[in-house]
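Each chain is listed here by its residues.
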Amino acid sequence: LGSYLGFPNFVDLSPTLDNWPGGCGSSIGTVAGPYNLIPPAVPSPKTVAITYVDLEFQGVKVTLYDKVGATAVANYPDIRIVMTTSKEQIALP
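Since we're looking at a predicted model, the values are computed, not measured. (Residues numbered from 1 in each chain as written. Predicted model: local features only at pLDDT ≥ 70, side-chain atom pairs only at ≥ 80, totals over all residues. Heavy atoms only, no water.)

Things to note about the overall build of the protein
Rule in force here: Under the scheme used here, helices are H or I runs from DSSP no shorter than 4 residues and strands are E runs no shorter than 2 residues, and both carry numbers assigned from the N terminus. Only protein chains enter the calculation, and the probe is 1.4 Å; a residue is then buried if its accessible area is under 20% of its type maximum, exposed if over 50%, and partly exposed in between. Should any heavy atoms of two residues lie within 4.5 Å, those residues are counted as being in contact.
Of the regular secondary structure elements, the protein holds two helices and five strands. For the protein, the N- to C-terminal ordering of α and β elements is α-β-β-β-β-β-α. In the protein, buried positions account for 18% of the 93 residues. Summarising the internal contacts of the protein: among those between residues at least 6 apart in sequence, 37% fall at separations of at least 24.

As for the nonpolar core
We count it as follows: Side-chain atoms within 4.5 Å are what join buried Ala, Val, Leu, Ile, Met, Phe, Trp, Tyr and Cys residues into a set we call a nonpolar core.
Residues F7, F10, V11, L17, A32, Y35, L37, V42, I50, V53, L55 and M83 constitute the largest nonpolar core, which totals 12 residues. If you tally residues by element for this core, the top one is strand 2 (residues 32–37), at three residues. Among all residues touching L55, those that are not within four sequence positions of it are F7, P8, I79, R80, I81 and M83.

Digging into the sheet that holds strand 2
Spelled out, the test is: Note: two strands are recorded as paired if DSSP finds a minimum of 2 bridges between them. Lines fitted to C-alpha atoms define the axes here, with helix axes fitted over just the stretch in contact, and angles between the N-to-C directions of these axes take values from 0 to 180 degrees.
Ordered by their spatial adjacency, three strands build an open sheet running 1-2-3, and the pairing between neighbours is antiparallel. Two strands in the sheet have a free side with no partner beyond their single neighbour: strand 1 (17–19) and strand 3 (46–50). Ignoring which end each strand starts from, the neighbouring axes of this sheet average 50° apart. Relative to strand 2, strand 1 runs antiparallel, the two being bridged by three bridges. Bridge pairing links L17 to L37 in strand 2.

A word on the pattern of salt bridges
Pairs can form between side chains of opposite charge once their charged atoms are near each other. The following threshold applies: Definition used for salt bridges: Asp or Glu carboxyl oxygen within 4 Å of a side-chain nitrogen of Lys or Arg.
Within this structure, the stated rule accounts for one salt bridge. We note a salt bridge from R80 to D54, for which the minimum N-O separation is 2.4 Å. Note that R80 is positioned in strand 5 (residues 71–84) and D54 in strand 4 (residues 52–65), a separation of 26 residues in sequence. The exposure class assigned to R80 is exposed, which follows from its relative accessible area of 55%. With relative accessibility at 35%, the residue D54 sits in the partly exposed group.

Things to note about the confidence of the model for the protein
How we decide: Residue-level confidence of the predictor is what pLDDT reports, using numbers from 0 through 100.
In the predicted model, the protein carries a mean pLDDT of 83, and 83% of its residues have values of at least 70. Within the protein, strand 1 carries the highest mean pLDDT (91), whereas helix 2 (residues 86–91) carries the lowest (71).

Thoughts on the environment of A32
Its location among the elements puts A32 in strand 2. Here A32 falls in the buried class, since its relative accessible area comes to 7%. The spatial distance from the C-alpha of A32 to the C-alpha of Y52 is 8.6 Å, given a sequence separation of 20 residues. If we ignore the near neighbours within four places in the chain, the residues touching A32 are F7, F10, A49 and I50.

Below, the structure is given as structure tokens:
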């Protein structure tokens, strides 16, 4: 999805998350991250990844435009998107 389509910016939303200072990373097995978890959430900085995100968007209106100026509009009262990993799905009750 990406932040440009409504995916939250977790660093902006959390006072205890910071951008990961590492080099190359992998998104395999993660929904978002890696991030740097910082005090006071933990005693010292720790690298973490998010493996489960449950989003709900209310009152969504989507407008599509084509090259000649025609439009199509769709309204959705609620959209729920759950993103997870295969390991997280195994751990769910």
